[in-house]
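Residue-level structure breakdown
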Amino acid sequence: MATEMETADKDADRSGLVLDPQAAWLLMLDALQSEHWRVVRGQAEDLLAWMKLGESAPDISNGKARNRQWNRQVAIYACRLARLIARRRLRG
């Protein structure tokens, strides 16, 4: 049985994710354009995990849309779609 300290360390590692959502978003878009499917999948999964933690979503509209909830929902949908496309392309 794990001690309380070991459990606390595991939780700290799990929540210790650090990500620049805007940089990850731009990298995912670039990878989509150049068809680097592993990078697309990785960035999409990282962004989805980041947003699932309640952290800020990337600004997908370059500042044109002011509604943060709309921006978040579109980012989630786009990441799910990118992840699906990447998975299918990697399967062959």
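I will try to describe carefully the structure that is included in this document. Bear in mind the structure is a predicted one, so any value in this text is a computation, not a measurement.

The next thing to look at is the overall build of the chain. Regarding its fold elements, the chain presents four helices and zero strands. Counting from the amino terminus, helix and strand elements in the chain follow one another as α-α-α-α. Looking at the chain as a whole, 27% of its 92 residues qualify as buried. Counting only contacts in the chain whose residues sit at least 6 apart along the sequence, the fraction spanning at least 24 positions is 59%. Accessible area of the chain: about 6,800 Å², with a carbon and sulfur share of 50%.

The end-to-end C-alpha separation of helix α2 (residues 21–34) is 20 Å, in line with the 20 Å expected for 14 residues at 1.5 Å each. Residues Pro21, Ala24, Trp25, Met28 and Ala31 constitute the buried set of α2. Buried residues along α2 cover an arc of 130° about the axis, so they all sit on one side. By the N-cap criterion, in which a side-chain oxygen at the helix start approaches the backbone nitrogen of a residue two or three places on, α2 is capped by Asp20, the distance to Gln22 being 3.2 Å. Positive phi shows up at Glu35, right after α2, with a value of about 60°.

Take helix α4 (residues 68–91) next. The end-to-end C-alpha distance of α4, which contains 24 residues, comes to 35 Å, matching closely the 34 Å that a straight helix rising 1.5 Å per residue would cover. In the core, the buried residues of α4 are packed alongside α2 and α3 (37–52). For α4, the N-terminal cap is Asn67; the gap from its side-chain oxygen to the backbone nitrogen of Gln69 is 3.0 Å. Following α4 by one or two positions, Gly92 has its phi on the positive side, about 100°.

Cut-offs applied
- Residues numbered from 1 in each chain as written.
- Predicted model: local features only at pLDDT ≥ 70, side-chain atom pairs only at ≥ 80, totals over all residues.
- Heavy atoms only, no water.
- Helix = DSSP H or I, 4+ residues; strand = E, 2+ residues; numbered from the N terminus.
- Buried < 20%, exposed > 50% of the residue type's maximum accessible area, 1.4 Å probe, protein only.
- Contact = heavy atoms within 4.5 Å.
- Areas by Shrake-Rupley, 256 points an atom, 1.4 Å probe, with all protein chains shown as cover.
- Expected span 1.5 Å × (residues − 1).
- Arc of directions from axis to C-beta.
- Polar contact = N/O pair within 3.5 Å; in protein donor to acceptor, adjacent residues only side chain to side chain.

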